Amino acid sequence: MCPVCNGKACGNTIPGPGAKGIGDVAIRNYEKWKDIRVNMDVISDIAEPVTRTELFGYNLQLPLIAGPVGAVNLHYGDKYNDEEYNLKLIKACHDAGIIAMTGDGTDEDVMRSACEAIKKHEGRGIPTVKPWDIDTLKNKIELIKNSGARAFAMDIDAAGLPFLKGRIPPAGHKTVDDLKEIASLGERPFIIKGIMTAKSAEKAVSAGASAIVVSNHGGRVLDQCPATAEVLPEIVEAVDERCKVLVDGGIRDGLDIFKALAIGADAVLMARPFVNAIYKGGEQAVIEMVARLEFELKDAMSMCGAKKIKDIDKSMIRIK
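Attention here is on the structure that accompanies the text. (Residues numbered from 1 in each chain as written. Predicted model: local features only at pLDDT ≥ 70, side-chain atom pairs only at ≥ 80, totals over all residues. Heavy atoms only, no water.)

1. Notes on the overall build of the protein chain
The criterion, for reference: Here a helix means four or more residues in a row that DSSP labels H or I, a strand means two or more in a row labelled E, and each is numbered from the N terminus. In this treatment the radius of gyration is a C-alpha quantity, and the globule benchmark scales as 2.2 Å times the residue count to the 0.38 power. The contact criterion used is simple: two residues touch if any of their non-hydrogen atoms lie within 4.5 Å. Under this rule, positive means Lys or Arg and negative means Asp or Glu; His and the chain ends count for nothing. Charge coordinates come from a single atom per side chain, which is NZ of Lys, CZ of Arg, CG of Asp or CD of Glu.
Secondary structure summary: the protein chain contains ten helices and twelve strands in total. Expected size for 320 residues packed as a compact globule is a radius of gyration near 20 Å; at 18 Å, the protein chain falls within 12% of this value. By its C-alpha atoms, the protein chain is 60 × 40 × 40 Å across when sized along the principal axes. Across the protein chain, every contact between residues at least 6 apart in sequence was considered, and the portion connecting residues at least 24 apart equals 72%. Separation between the mean location of the 42 positive side-chain charges and that of the 45 negative ones in the protein chain comes to 2 Å.

Put into structure tokens, the structure is as follows:
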């Protein structure tokens with residue numbers, strides 16, 4: 001297993017954890033967070049920062065959500081299938097004090113089992129659907145409603161996944177009107193994942209999104225697009241607090257989380273590190289990883305003068 005999941009070893013391997021085309025988007029996602037520096041300011045009375053936050057009615061130990069992952073046996077090996085992975089992820093995140101977004105698949109049992117697991121853990125999870133046709137979505141949204149989940153998501157950028165093209169049920173692009181209908185069907189906050197421009201963010205807001213996720217799907221759907229850290233500032237500015245802004249892509253430690261929050265994100269998603277943790281050490285590895293991220297975030301807050309999450313702002317970072 002790679003010491004750091006930075007996209008370099010896997011290159012353009014798909015199926016697999018790599019990126020599409022020349023494979024540099026996953027690498028850039030990781031490296032662009034490292035280009036941002038933090039401003040130290042220890043003239044304060046901050047001894048023990050508080051990382052707890054609230055999002056979609058969930059109390060979180062820190063502003064971190066495990067990102068949705070699908071087709072794990074195709075991309076990561078046959079140790080787990082999607083159902084087994086989702087079950088472990090939901091329980092581990094629940095025990096760690098955060099929540100997980102669950103993945104979706106062509107097999108309806110993937111969504112069904114994920115929703116059952118979310119229901120078992122008091123609705124602490126966010127089911128994520130692929131951009132299927134409307135009839136398929138209606139069936140999956142009924143499962144979501146019964147799960148007790150307080151929000152649901154669609155990774156609309158999954159329309160570019162090579163292994164979904166030409167599959168039944170069909171998955172593909174959605175218009176603003178399509179998304180409005182889906183948001184209405186869900187009857188709870190709707191999160192649209194896969195936003196990479198201010199223009200796309202405006203469309204998501206007009207479609208009724210309660211939150212967006214700035215994401216390029218780990219570089220797996222479009223070659224040579226920008227890193228998420230590069231576009232996050234302009235998207236935060238365009239949204240102007242009309243909906244929550246989340247971000248993923250190459251975030252690997254507590255300092256990366258701090259930087260994303262300083263730019264203006266409300267929370268971050270991490271996906272591949274959770275896959276690595278579960279495949280390597282199961283639920284306990286997830287709990288230990290989240291504890292490490294919380295420690296690193298607290299350390300950054302203490303050293304930069306933020307006592308609470310809402311205190312983190314742009315003055316605490318330096319962007320090239």
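2. A few points about the packing of helix α3 (residues 82–96) against helix α10 (residues 272–304)
Packed helices, taken two at a time, are described by the angle their axes make and the gap between the axes. Stated precisely, the cut-off is as follows: The convention used is that axes are lines fitted to C-alpha atoms, helices contributing only their stretch in contact, and that angles between N-to-C directions extend from 0 to 180 degrees. Here the word oblique covers every angle except those under 35 degrees (roughly parallel), over 145 (roughly antiparallel) and from 65 to 115 (roughly perpendicular). Rotating anticlockwise by less than a right angle from the far helix to the near helix defines a left-handed crossing, while the corresponding clockwise rotation defines a right-handed one. Nonpolar residues are Ala, Val, Leu, Ile, Met, Phe, Trp, Tyr, Cys and Pro. Charged residues are Asp, Glu, Lys and Arg, and all others, Gly as well, are polar.
Running from N to C, α3 and α10 cross one another at 15°; their axes reach a closest spacing of 8 Å. Our classification of the angle between α3 and α10 gives roughly parallel. The two elements α3 and α10 cross, and the hand of that crossing is left-handed. Contacts from Tyr 85, Lys 88, Leu 89, Lys 91, Ala 92, Cys 93, Asp 95 and Ala 96 of α3 reach α10 at Phe 274, Val 275, Ile 278, Tyr 279, Glu 283, Val 286, Ile 287 and Val 290. Partitioning the contact of α3 with α10 into residue classes produces twelve nonpolar, no polar and four charged.

3. What to know about the environment of Glu 296
Where we set the bar: The cut-offs for exposure are 20% and 50% of the maximum accessible area for each residue type, with area from a 1.4 Å probe on protein chains only; residues under the lower value are buried, those over the upper are exposed, and the others partly exposed.
Looking at the element boundaries, Glu 296 is found in helix α10. On the basis of relative accessible area, Glu 296 is assigned to the partly exposed category, the value being 23%. Glu 296 sits 38 residues away from Phe 258 along the chain, and the two C-alpha atoms are 9.0 Å apart.

4. Observations regarding a negative patch on the surface
For clarity, the threshold we go by: Patch definition: residues with relative accessible area over 30% and no salt bridge; like charges joined within 9 Å; nonpolar side chains (Val, Leu, Ile, Met, Phe, Trp, Tyr) joined within 5 Å. Methods summary: accessible areas were calculated by the Shrake-Rupley approach with a probe of 1.4 Å, and residue burial reflects only the protein chains presented. When a carboxyl oxygen of Asp or Glu is within 4 Å of a side-chain nitrogen of Lys or Arg, the pair counts as a salt bridge.
Side chains of Glu 234, Glu 237, Asp 240 and Glu 241 sit close together on the surface and give a patch of like negative charge. With respect to the helices and strands, Glu 237 occurs in helix α8 (residues 228–239). Look at Glu 237 and you get exposed, because its relative accessible area is 65%.

5. Points about the packing of aromatic side chains
Counted only if it meets this: Centre distance within 6.5 Å is the pairing criterion for rings of Phe, Tyr and Trp, where only the six-membered ring of Trp is used; planes under 30 degrees apart are then read as stacked, over 60 as edge-to-face, and the remainder as tilted.
Going through the model one piece at a time under the given rule, you end up with three aromatic pairs. Plain terms: the ring middles of Tyr 76 and Tyr 279 are 6.1 Å apart, the flat faces sit at 45° to each other, and that makes the pair tilted. Of this pair, Tyr 76 sits in helix α2 (residues 72–76) while Tyr 279 is found in helix α10, placing the two residues 203 residues apart along the sequence. Residue classification places Tyr 76 among the partly exposed residues on the basis of a relative accessible area of 23%.

6. Regarding the pattern of salt bridges
Scanning the model with the defined rule gives 21 salt bridges in all. Residue Lys 32 pairs with Asp 35 through a salt bridge whose shortest N-O separation is 3.5 Å. Close ionic contact of Glu 202 with Arg 242 constitutes a salt bridge, the shortest N to O distance being 3.0 Å. Taken together, the residues span a long stretch of sequence, with Glu 202 in helix α7 (residues 198–206) and Arg 242 in the loop between α8 and β10 (244–247) at a distance of 40 residues.

7. A word on a nonpolar patch on the surface
On the surface, Met 40, Val 42 and Met 303 cluster together to form a nonpolar patch covering roughly 300 Å² of accessible area. If you trace the backbone, Met 303 turns up in helix α10. Residue classification places Met 303 among the partly exposed residues on the basis of a relative accessible area of 33%.

8. Digging into the pairing of strand β7 (residues 152–155)
Note the cut-off: Here, any two strands with at least 2 DSSP bridges between them count as paired. Handedness is read with the strands pointing away from the viewer; a crossover is right-handed when the path from the first strand over the helix to the second is clockwise.
Side chains Phe 152 and Met 154 project from β7 onto one buried face, and the interleaved Ala 153 and Asp 155 project onto a second face that is buried too. Here strand β6 (residues 126–129) pairs with β7 via two bridges, running parallel. Within the sheet, the bridge partner assigned to Val 129 lies in β7 and is Met 154. You can see the chain leave β6, run along helix α5 (residues 134–147) and come back into β7, and the turn it takes is right-handed. Where β7 and strand β8 (residues 190–195) come together, four bridges link them in parallel fashion. Bridge pairing in β8 places Phe 152 opposite Phe 190.

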